[in-house]
Amino acid sequence: MRTSQYLLSTLKETPATAEVISHQLMLRAGLVRNLASGLYTWLPTGLRVLKKVENIVREEMQRAGANEILMPMVQPADLWQESGRWDDYGPELLRLNDRHKRPFVLGPTHEEVVTKLVANELSSYKQLPLNVFQIQTKFRDEIRPRFGVMRGREFLMKDAYSFHLNHECLEKTYQIMFDAYCRIFERLELKFRPVIADTGSIGGEQSHEFHVLADSGEDDIAFSDSSDFAANIEKAEALAPTGERAEPTQALTKVATPNVKSIVEVATFLTVDIKQTVKTLLVVGANSEGEPDGIVALVLRGDHQLNEIKAEHLAQVASPLTFASDEQIQAAAHCNAGSIGPKGLTIDVIVDRSAAHLSDFVCGANEDDHHFTGVNWQRDCGEINVQDIRNVVAGDASPCGQGHIEIKRGIEVGHIFQLGQKYAAAMNCAVLNEAGKNQTLTMGCYGIGVSRIVAAAIEQNHDQYGIKWPKAIAPFQVAIVPMNMAKSARVKETAETLYESLKQAGIEVLLDDRKERPGVMFADHELIGTPLLLIVGERNLDAQQLELKNRITGEKSLIAIDDVMTLFK
RNA sequence: CGGUGAUUAGCGCAGCUUGGUAGCGCACUUGGUUUGGGUCCAAGGGGUCGCAAGUUCGAAUCUUGCAUCACCGACCA
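Residues numbered from 1 in each chain as written. Chains lettered and ligands numbered in written order. Predicted model: local features only at pLDDT ≥ 70, side-chain atom pairs only at ≥ 80, totals over all residues. Heavy atoms only, no water.

## Some details on the side chain of threonine 115
Along the chain, threonine 115 turns up in helix α5 (residues 111-121). A polar contact is formed between the side chain of threonine 115 and the backbone oxygen of glutamate 111, at a distance of 2.5 Å. Setting aside chain neighbours within four positions, we find threonine 115 in contact with Phe163, Tyr423, Ala424, Met427, Cys429 and Met443. (Helix = DSSP H or I, 4+ residues; strand = E, 2+ residues; numbered from the N terminus. Polar contact = N/O pair within 3.5 Å; in protein donor to acceptor, adjacent residues only side chain to side chain. Contact = heavy atoms within 4.5 Å.)

Below, the structure is given as structure tokens:
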């Protein structure tokens, strides 16, 4: 490709709306352009990278035995009603009507469509297992699109779905996909970790996320400092403190705490360690059918944070988690939010393991501007329901039994699930088994955010001058940068000859034939991150040499023109 | 969904307080100059100042409404 024919579209200045480095560089290097909130056009350079990521993913899926298909992006609503997700999915699901007023959705994922497909196509256990995948645009009407293509509303995703007669067979494919994912991210040269994850709205049993480690990531990942345990913080278990709870030593005392509301204020006012306080959160409860019903109290140690995912998995708590309104708080606790405590509440109380381990602690007195000190669970509150409902924090004992927790940020670029029979059962996806009986299939599903990987790769690979692409996904393998081509016939001829021979060898080469000053060219190529620059100039031509510059290492060296092709062997 | 802020040329911004029909840098066009790290000089082109209504002789500027974009939050107990 010649820059004179190419839509390079680099920007000298950073657009004001771009917050994270990958978004800034994607705009500056001319990879993408914003169309509307969360919607991006891919320019030639960005598309080249996107296609390379896509191809690596495709190759590894095929190597793992998956079949590529392509399903429609627009899906009939009745499929979603059949699976139950028409009601469950919420406003992220963009719904629309066709000209006949028939309801459709823009596909945020394809479990329904693929389950329907397989239900129709398969009839015998002999056809199992089957793994199909597609690489396709998804649409999710995100609450808050941000960070460019990192969390766009429209994005490119690889989604695979496997079908099995039983759970053992699913486990095998799940492991094959787990390994395929590791190979993909290794080929992409990204620093990544598989982590244990929650299954979220997709539903199902076991699940792993694949995270690219970067400070700009949106997820907290909990690691053990002495094993390979890693889990999304949503899922990382907080172990109960070891040892017996200390015996009460203090008398229960009610103290006035005028205008003292937050836990920090309480601890400061009473000069106690924040770890000797508990906070009580009131949330909407759930009845035996899982319908929202009543109010439930959740009690945490003052310095801990509620883990909403863990809380909403509890049978007594409504999902999604909803905090009680001020009126509901008054009705349940007879005081304002700043003074609630577990003692004397008539509603269900669920106590976190760490809070349950305290003795002689401080809590609200369920009376405005008053707290209790010297509270003890058994003595003052009776039997309590203890659960794990907090986020782990750095330094906690690792749930794997080895070492302690460390927390890092990650960008979720892949997610694999053991779905089980949720969709197959809802959509009647079954085959005849060996006994000639109808048997519902067991499913797995496996996603990779292809467009997000492009952003994640930049987050991990950049410097002050621009992007430093991993070799496997660089938009071009090499750029030819001629010095003063307009004035020197020799430079022009050498550059052109080199360009032709590289092109013929199938190498992705960009010839910078613009009439620009060297500094402009260098700056542009550093910005878009081409790994190798071949600099053609009068200076070295007498010796039949070129300058070779490595974008990643910054090394400069001289190379004989005749040896250039050896660089690509 | 709540809060905050922004919206003036392709991009980054000033002008608004104190109303008089718009400016700077970069980019772009033309000519010259320069040529191994974002040259320099000169001359140009480009804006219904987000949209609508109002106040006024007169609105980018004041008022009201709307839209879009972005950031923060959704842990206050």
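## Here's the deal with the environment of serine 207
Among the structural elements, serine 207 can be located in strand β10 (residues 207-213). With a relative accessible area of 2%, serine 207 lands in the buried category. At 3.1 Å, the side chain of serine 207 forms a polar contact with the backbone oxygen of isoleucine 416. (Buried < 20%, exposed > 50% of the residue type's maximum accessible area, 1.4 Å probe, protein only.)

## Regarding the state of the cysteines
The tally for this structure, following the rule as stated, stands at 0 disulfides. Cysteine 429 takes part in no disulfide bond, and the closest cysteine sulfur, belonging to cysteine 169, lies 13 Å away. We classify cysteine 429 as buried; its relative accessible area is 1%. (Disulfide = S-S within 2.5 Å.)

## Side note on the sheet that holds strand β19 (residues 385-387)
With respect to topology, 4 strands assemble into an open sheet ordered β14-β15-β16-β19, the strand pairing being mixed. At either margin of the open sheet sits one strand with a lone partner, and together these are β14 (278-286) and β19. Put simply, the sheet's adjacent strands are angled 30° from each other on average, direction ignored. Note that strand β15 (residues 292-301) and strand β16 (residues 348-352) share 4 bridges and pair parallel. Paired with valine 299 across the two strands is valine 351, which belongs to β16. (Pairing = 2+ DSSP bridges. Axes fitted to C-alpha atoms, helices over the stretch in contact; angles between N-to-C directions.)

## Here's the deal with helix α14 (residues 489-504)
Helix length check: α14 (16 residues) gives 22 Å between terminal C-alpha atoms against 22 Å at 1.5 Å per residue, within 8%. Considered for burial, the residues of α14 that qualify are Val491, Thr494, Ala495, Glu496, Leu498, Tyr499 and Leu502. Turning to α14, the residues buried within the fold contact β26 (478-482), β27 (509-511), β28 (532-536), α16 (538-541) and β29 (545-550). Directly beyond the C-terminal end of α14, a positive phi value near 80° is found at glycine 506. (Expected span 1.5 Å × (residues − 1).)

## Thoughts on the pairing of β16
Counting buried residues in β16 gives 4 out of 5 residues, a clear majority hidden from the surface. Two elements, β16 and β19, share 3 bridges in a ladder whose sense is parallel. By the bridge assignment for β19, valine 351 is matched with valine 386.

## What about helix α15 (residues 518-528)?
For α15, the complete set of buried residues consists of Met521, Asp524, His525, Glu526, Leu527 and Ile528. Within two residues after α15, glycine 529 carries a phi angle of roughly 80°, on the positive side.

## Some thoughts on the nonpolar core
Ranked by internal contacts, the top residues of the largest apolar core, which has 65 residues, are Met61, Tyr181, Phe185, Leu188 and Trp469. By residue number, the principal contributor to this core is helix α6 (residues 167-187), which donates 9 residues. Apart from residues no more than four positions distant in its own chain, methionine 61 is found in contact with Ala66, Phe133, Lys158, Ala160, Met177, Ala180, Tyr181 and Ile184. (Core = buried A, V, L, I, M, F, W, Y, C linked by side-chain atoms within 4.5 Å.)

## Regarding empty space enclosed by the protein
Taking a probe equal in size to a water molecule and rolling it over the atoms shows the remaining empty space. As enumerated under the stated definition, the model contains 1 cavity of 30 Å³ or more in all. By volume, the largest cavity is sized at about 40 Å³. The wall of the largest cavity is formed by Met150, Arg151, Glu218, Asp219, Ile411, Glu412 and Arg452. (1 Å grid on protein atoms, 1.4 Å probe; cavity = no way out; pocket = protein on both sides within 12 Å on 5 of 7 lines; lining within 4 Å. Points joined across faces, edges and corners; volume = space filled by probe spheres on them.)

## Structural notes on the protein's contact with RNA strand B
Lining the immediate surroundings of RNA strand B are 45 residues, of which Leu306, Phe323, Ala337, Arg539 and Glu547 lie closest. Of all RNA strand B atoms lying within 4 Å of any protein atom, the proportion belonging to sugar or phosphate reaches 47%. Within the side chain of arginine 517, a nitrogen or oxygen atom sits 2.5 Å from a base oxygen of RNA strand B. With respect to RNA strand B, the backbone of glycine 519 contributes an N or O atom lying 3.4 Å from a sugar or linking oxygen. Listed by contribution, the elements that provide at least two residues to the surface near RNA strand B are β14, α15, α16 and β29. Counting residues per element, the surface near RNA strand B draws most heavily on α15, which supplies 7 residues. The residue makeup of the surface near RNA strand B, split by class, is 17 nonpolar, 13 polar and 15 charged. (Near = heavy atom within 4 Å. Nonpolar A, V, L, I, M, F, W, Y, C, P; charged D, E, K, R; others polar.)

## Observations regarding the sheet that holds strand β30 (residues 556-560)
Spatially, β27-β26-β28-β29-β30 is the arrangement adopted by the 5 strands of the open sheet, whose pairing is mixed. Here the strands that pair on one side only, and so sit at the sheet edges, are β27 and β30. Averaged over all pairs of adjacent strands, the angle between their axes in this sheet comes to 25°, without regard to strand direction. Strand direction decides the pairing type here: β26 and β27, joined by 3 bridges, are parallel.

## Focus: unusual backbone geometry
The phi torsion of most residues other than glycine is negative, and most of the peptide bonds are trans. The residue after leucine 128, namely proline 129, is reached through a cis peptide bond having omega -5°. Here proline 129 lies in the loop between α5 and β7 (130-139). Even without being glycine, phenylalanine 147 reaches a positive phi, approximately 60°. Position of phenylalanine 147 relative to the elements: it lies in the loop between β7 and β8 (154-164). If you check the backbone angles, histidine 334 has positive phi at about 60° while not being a glycine. Of note, histidine 334 is situated in the loop between α9 (326-333) and β16.

## Observations regarding the confidence of the model for chain A
When pLDDT is averaged across chain A, the result is 91; 99% of the residues are at 70 or more. Scoring the predicted complex yields pTM 0.90 and, for the interface, ipTM 0.91. (pLDDT = per-residue confidence, 0-100.)

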